[in-house]
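# Examination of the molecular architecture
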Amino acid sequence: MAGEQKGKAYEALLMVCLHGLKQNRKLKGEVFWNEKPQMMSIEPDFTIGLTSDEPEVVILVTHSSSAKDSEKKFWRNIGELAEAKTRLSTIPHVYTIAFHS
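Fair warning: this is a prediction, and the values are worked out from it, not measured in the lab.

### Quick notes on unusual backbone geometry
- A positive phi is found at Arg25, a non-glycine position, where the angle reads about 60 degrees.
- Mapped onto the fold, Arg25 is located in the loop between helix 1 (2-23) and strand 1 (30-33).
- Since its relative accessible area comes to 76%, Arg25 is described here as exposed.
- The backbone of Asn34 sits at a positive phi, close to 55 degrees, despite the residue not being glycine.
- With respect to the element layout, Asn34 can be found in the loop between strand 1 and strand 2 (46-49).
- Under the relative-accessibility criterion, Asn34 is labelled partly exposed at 22%.

### Section: the environment of Phe99
- Position of Phe99 relative to the elements: it lies in strand 4 (residues 93-99).
- Given a relative accessible area of 18%, Phe99 falls into the buried group.
- Those residues in contact with Phe99 that sit more than four places away from it in its chain are Tyr10, Leu13, Val61, Thr62, His63 and Ser64.

### Things to note about the packing of aromatic side chains
- By the definition in use, this model includes three aromatic pairs.
- Pairing Tyr10 with Phe99 gives two aromatic rings, centres 4.3 Å apart and planes at 0 degrees, and the pair type is stacked. Taken together, the positions of Tyr10 in helix 1 and Phe99 in strand 4 put the pair 89 residues apart, joining distant regions of the chain.
- Looking at Tyr10, the relative accessible area reads 18%, which means it is buried.
- A ring pair is formed by Trp33 and Phe46, whose centres lie 5.7 Å apart and whose planes are at 15 degrees; its orientation type is stacked. Separated by 13 residues along the polypeptide, Trp33 in strand 1 and Phe46 in strand 2 bring together distant segments of the chain.
- Looking at Trp33, the relative accessible area reads 31%, which means it is partly exposed.
- Under the relative-accessibility criterion, Phe46 is labelled buried at 0%.

About the criteria used
- Residues numbered from 1 in each chain as written.
- Predicted model: local features only at pLDDT ≥ 70, side-chain atom pairs only at ≥ 80, totals over all residues.
- Heavy atoms only, no water.
- Helix = DSSP H or I, 4+ residues; strand = E, 2+ residues; numbered from the N terminus.
- Buried < 20%, exposed > 50% of the residue type's maximum accessible area, 1.4 Å probe, protein only.
- Contact = heavy atoms within 4.5 Å.
- Phe/Tyr/Trp six-rings, centres within 6.5 Å; stacked < 30°, edge-to-face > 60°.

In structure tokens form, the structure reads like this:
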């Protein structure tokens, strides 16, 4: 699936950027890629914190070239946002990074 491979490439690009920020001491905590916190049913793309179960930051990566796919991703992201804000022991900042939308 070309779309899925493109999505993983965007995530890998973001991972490189996050590691650069960490090396420059602009980012505190560990970066976790596709590690699901115990209290969530949805696997976030990235979490940042001392552990993956208590993130301070959740980052959702999305990409789409069609309006219909963007709508599906929007509702998935809303579900993930609600879960991150209500089910985790921390209340993380949640960011969405959109590529090609």
